[in-house]
Amino acid sequence: MMFRSNNLAARVFERQILTPRPGTSVNLVRLFYENLVPSCTIYDVDCPDHGFHKFTDDGQYLVSFSRNCQDLIVYRPTWFSFSCKEEDCDSHSLPEKAKRFDSFFTQLYCVSLASSTEYICRQFFLYVQSHQFGLFATCTARCIDAPTTEGAIDEIPSIEKITFYLVRLEDGVILDEKAFCNDFVSLAEIMGVSFYEDLLCILSLRYQTLHVLQILNSGGLVDVRNIGIFCREDDELFLNTHAQITQGGYFLSGIKQRLLSFVFRRIWNEEADPTLRVQHLKEFYFRFQDFVDFIMWKMQFLDRHHLLIRFGHMDKGVDRITIQHPTFFAVYNMETTEIVAFYEDSSEELYSLFEQFWGDFHCSRNSLHANFISSHCNNIYALDEYRCMKNSANSTSQFMKMMISSLPVNCQTPCPSPYLDLSLFQYNHKLFPIFHHVHSAERPVEFTSRRQPNVLNFKIKSGPEAGVPDGRPERSSLFRFHPYLPLALSIQRTNMQPTVVNIHFRR
Amino acid sequence: MGSLLADWPSYNPHNFSQIRPADPSAQPSKLTPITYHPTHNRTLPPPNQVISTETRHILLRRFYQKSVEKLRPKRAASDNLTPDHGSKQLRGAFADGCN
């Protein structure tokens, strides 16, 4: 076993002369991130007062929204440059003119997405990496006392207009838009929308319909199918041409009918003993109305043809829309319109599939970062922590339920930055959750290299440089890491005070 | 080979000077590799076999596998309830029990 030096120059030389083991050249190159760390900070940079949302996964753009949530502003991450004519440049600190926001970011354009009565949903952004398209959403305020509409669930609030915009990020041109009127789509944390390759699925909670759309290469959004009342394209035509059935009749929606028939067939086929079969069927009929009252709560793509849909009963009488437990999961094949599998959220079988194949639930991440976002499926340190969490849980069944409650998976991608890769660095990610990157501003986040666990590699302090005077409440910071450059932003936002932005970079 | 190596820089000028070129009669280009032929045809693939990658990922395959196990009828075929998928049959007046 050859001793590998941690020295940067030695590593560069080794890269020239040593061939890494097959398939590991990327891993070896990623080790360079241990040497190039964002340890330098520019505190309280003078920058426009925008909400910096996210770096795109290819690192080409920084997406941000104006404070009034009506404009989209996109920056290109660059790098500062300045020249120093002295002999010993390293000891010099950065000149003041380099310590600016536009040393690192160039504004590309500012586009107005929302009209005066609408606002951009700040948490909603999907990136189509292949074409550098961005999907954004605007909505109007919630309607109180919305009129009852046929087919709508009245307990679910109605929003006058929700519009999805497909924007070409290169130049800010709005390529297409799709509007939903008097409807409700859960936009917070991208809960109501799923994305896979070029397919988009939007769940209309109010009308209980899944709208499947395709993003064309040219930038159009086209309807592919709607699943809800009808499953196949010709269902509506068929039912309408047989009017004598619908008069005085009662049809369940297509997706509900598929679900109920699957459950019935399963009970019928599973039990060989006729007496037991009748018993199970009786239980099913007893709960029949519960099944009929199910609503589709959330969904995700499993592949181009399959959806994982979560069903449950709405919690009525509360301000926020929540769902009661137990909830149920169904795998639906859009081509054959059949339900493939159906589980309750306490199912051990579903949990074991979740534990073993977590990566396949997150299949929408087909990007080059997919292998490097740490999870218990691809990282031994994450697996170690997962096992500790599992063993220390009070009740296994509660732990399983808690894990399964994260399904269907949001298509928010965690940041692919190598500094957040658990196989390269160790950091307290309980204080620094992988999705939201919210951290208390007063404590610096310490990063330790895995290969040298006793030595602090670098730390990021997001609070003010001089510290916080006593008596002031602790504030929390949001972090935005660039996917591959040693560059990060820490942002403290409070309502009444201006945003404080720090830039962390490698000098 | 052979004398070629002797011209290369080396610590000791006598290195590589003893090497003789390989036996010229056994030139590699004229050698045919030994081929092996099977003595039976029990392991031949079927003539129309095509090997391709499974398009469904493992998670979906597991879902299907488990559902096939559950839906496989466990009693006589006459009791089988698998519906006719292809056609949508017109039914009579809808049962009241669905309310």
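Keep in mind it's a predicted model, so treat the numbers as computed, not measured.

> A description of the overall build of chain A should follow, citing residues and the corresponding values.
Each helix and strand in chain A was counted, giving twelve helices and 28 strands. Taking 23 Å as the expected radius of gyration for a compact globule of 507 residues, we find that chain A reaches 26 Å, a close match to that expectation. Dimensions of chain A, computed from the C-alpha atoms along their principal axes, are close to 95 × 60 × 50 Å. Put simply, chain A has 507 residues, and 49% of those count as buried. Across chain A, contacts joining residues at least 24 apart in sequence account for 58% of those joining residues at least 6 apart. Looking at chain A as shown, the accessible area adds up to about 24,800 Å², and 51% of this sits on carbon and sulfur atoms. When the 48 basic and 58 acidic side-chain charges of chain A are each reduced to a single mean position, those positions are 5 Å apart.

> Which residues make up helix α12 (residues 396–404) of chain A, and what values do they have?
All names here are of chain A. Looking only at α12, the buried set comprises Phe-399, Met-400, Met-403 and Ile-404. Down the axis of α12, the sector holding all buried residues measures 130°, keeping them to one side. Buried residues belonging to α12 abut β20 (328–333), α9 (348–356) and α11 (380–392).

> Quick rundown of the nonpolar core? Include the residues and the values.
Considering soluble globular proteins, one finds that nonpolar side chains tend to be buried as a cluster. Membership of the largest hydrophobic core comes to 67 residues, with the highest contact counts inside it found for Phe124(A) and Phe164(A). Every residue in contact with Phe164(A), bar those within four places of it in the chain, is listed here: Phe124(A), Leu135(A), Phe136(A), Ala137(A), Asp176(A), Glu177(A), Lys178(A), Phe180(A), Val185(A), Leu187(A), Val193(A) and Ile202(A). Core analysis: the next-biggest nonpolar cluster, separate from the first, contains 25 residues, Phe361(A), Tyr386(A), Leu60(B) and Tyr64(B) among them.

> So, the side chain of Asp235(A): which residues are in play, and what are the values?
As for its position among the elements, Asp235(A) is in helix α4 (residues 235–241). Of the residues examined, Asp235(A) reaches a relative accessible area of 11% and is grouped as buried.

> Tell me about the sheet that holds strand β4 (residues 71–77) of chain A, and name the residues and values.
All names here are of chain A. Ordered by their spatial adjacency, four strands build an open sheet running β2-β3-β4-β5, and the pairing between neighbours is antiparallel. The sheet is open, and its two edges are formed by β2 (50–55) and β5 (105–112), each paired on a single side. Here the average twist between neighbouring strands, direction ignored, is 25°. In this sheet, β4 lies alongside strand β3 (residues 62–66) in antiparallel orientation, the contact comprising four bridges. Bridge pairing in β4 links Phe-65 to Leu-72.

> Provide a residue-level description of helix α7 (residues 274–286) of chain A, including the pertinent values.
Residue and element names in this part refer to chain A. Look at α7: 18 Å from first C-alpha to last across 13 residues, which is about the 18 Å you get at 1.5 Å a residue. Within α7, burial applies to Arg-277, Leu-281 and Phe-284. Buried residues of α7, seen end-on, are gathered within an arc of 55° and therefore sit on one face of the element. In α7, those exposed residues whose orientation departs by more than 90 degrees from the buried face are Thr-275, Lys-282 and Phe-286. In the core, the buried residues of α7 are packed alongside α6 (254–270) and α8 (288–292).

> So what's going on with the sheet that holds strand β16 (residues 295–301) of chain A? Residues and values would help.
Picture the strands of a sheet paired through backbone hydrogen bonds; they go either parallel or antiparallel. Residue and element names in this part refer to chain A. Spatially, the four strands line up as an open sheet ordered β16-β17-β20-β21, and their pairing is antiparallel. The open sheet has two edge strands, β16 and β21 (338–344), and neither has a second partner. Adjacent strand axes in the sheet meet at a mean angle of 25°, parallel and antiparallel pairs treated alike.

> Can you break down the packing of aromatic side chains residue by residue, with the values?
Tallied over the entire structure, the rule returns 39 aromatic pairs over all chains. Relative to Phe399(A), the ring of Tyr386(A) has its centre 5.8 Å away and its plane inclined at 65°; by these criteria the two rings are edge-to-face. Pair noted here: Tyr386(A) is in helix α11 and Phe399(A) is in helix α12, with a separation of 13 residues, a long-range link. With a relative accessible area of 7%, Tyr386(A) lands in the buried category. One aromatic cluster is present, formed by Tyr33(A), Tyr419(A), Phe425(A), Tyr427(A), Phe447(A), Phe458(A), Phe479(A) and Phe481(A) through successive ring pairs. It is Arg56(B) that lies over the ring of Tyr64(B); its NZ or CZ is 4.0 Å from the centre.

> Which residues make up the side chain of His211(A), and what values do they have?
Counting through the fold element by element, His211(A) comes out in strand β14 (residues 209–215). In contact with His211(A), not counting residues within four places along its chain, are Phe180(A), Leu200(A), Cys201(A), Ile202(A), Ser204(A), Arg225(A) and Asn226(A).

> Please provide a residue-by-residue account of the pattern of salt bridges, values included.
If charged atoms from side chains of opposite charge come close, those side chains can pair. Residue and element names in this part refer to chain A. According to the stated counting rule, one finds eleven salt bridges over all chains in the structure shown. Here Asp-223 makes a salt bridge to Lys-178, at a shortest N to O gap of 3.2 Å. One end of the pair, Asp-223, is in strand β15 (residues 221–227); the other, Lys-178, is in strand β11 (residues 173–183), and 45 residues separate them in sequence. As a salt-bridge pair, Arg-304 and Asp-198 come within 2.8 Å of each other at their nearest N and O atoms. Of this pair, Arg-304 sits in the loop between β16 and β17 (306–312) while Asp-198 sits in the loop between β12 (193–196) and β13 (199–204), placing them 106 residues apart in sequence. Taken together, the salt bridges that share partners define one network made up of Arg-11, Glu-34 and Arg-451.

> How would you summarise the confidence of the model for chain B if you had to cite specific residues and measurements?
All names here are of chain B. Residues with a pLDDT of 70 or more make up 54% of chain B, whose mean pLDDT is 70. Per-residue pLDDT stays below 50 along residues 83–87; that stretch engages in two contacts with residues further than four places along the chain or on separate chains. The low-confidence segment residues 89–99, where pLDDT is below 50, has seven contacts with residues more than four positions distant or belonging to other chains. Per the prediction output, this complex has pTM 0.82; the corresponding ipTM is 0.84.

> Run through the state of the cysteines, naming residues and quoting values.
Residue and element names in this part refer to chain A. Inspection of every chain in the model, using the stated rule, returns zero disulfides over all chains. No disulfide involves Cys-47; its sulfur sits 15 Å from that of Cys-110, the nearest cysteine. A relative accessible area of 17% means that Cys-47 is categorised as buried. Not part of a disulfide, Cys-411 finds its nearest cysteine sulfur in Cys-201, a span of 10 Å. Using a relative accessible area of 9% as the deciding quantity, one classes Cys-411 as buried.

> An account of the environment of Pro48(A) is requested, with residue identities and associated values reported.
All names here are of chain A. By secondary structure assignment, the location of Pro-48 is in the loop between β1 (40–42) and β2. In sequence terms Pro-48 and Thr-499 are 451 residues apart; their C-alpha atoms lie 9.0 Å from each other. Residues contacting Pro-48, with those up to four places away along its chain left out, are Tyr-75 and Phe-101.

Here is what the cut-offs are and how they apply
Residues numbered from 1 in each chain as written. Chains lettered and ligands numbered in written order. Predicted model: local features only at pLDDT ≥ 70, side-chain atom pairs only at ≥ 80, totals over all residues. Heavy atoms only, no water. Helix = DSSP H or I, 4+ residues; strand = E, 2+ residues; numbered from the N terminus. Rg over C-alpha atoms; globule rule 2.2 N^0.38 Å. Buried < 20%, exposed > 50% of the residue type's maximum accessible area, 1.4 Å probe, protein only. Contact = heavy atoms within 4.5 Å. Areas by Shrake-Rupley, 256 points an atom, 1.4 Å probe, with all protein chains shown as cover. Lys, Arg positive; Asp, Glu negative; His and termini not counted. Charge placed at Lys NZ, Arg CZ, Asp CG, Glu CD. Arc of directions from axis to C-beta. Core = buried A, V, L, I, M, F, W, Y, C linked by side-chain atoms within 4.5 Å. Pairing = 2+ DSSP bridges. Axes fitted to C-alpha atoms, helices over the stretch in contact; angles between N-to-C directions. Expected span 1.5 Å × (residues − 1). Phe/Tyr/Trp six-rings, centres within 6.5 Å; stacked < 30°, edge-to-face > 60°. Lys NZ or Arg CZ within 6 Å of the ring centre and 35° of its normal. Salt bridge = Lys/Arg side-chain N within 4 Å of Asp/Glu carboxyl O. pLDDT = per-residue confidence, 0-100. Disulfide = S-S within 2.5 Å.

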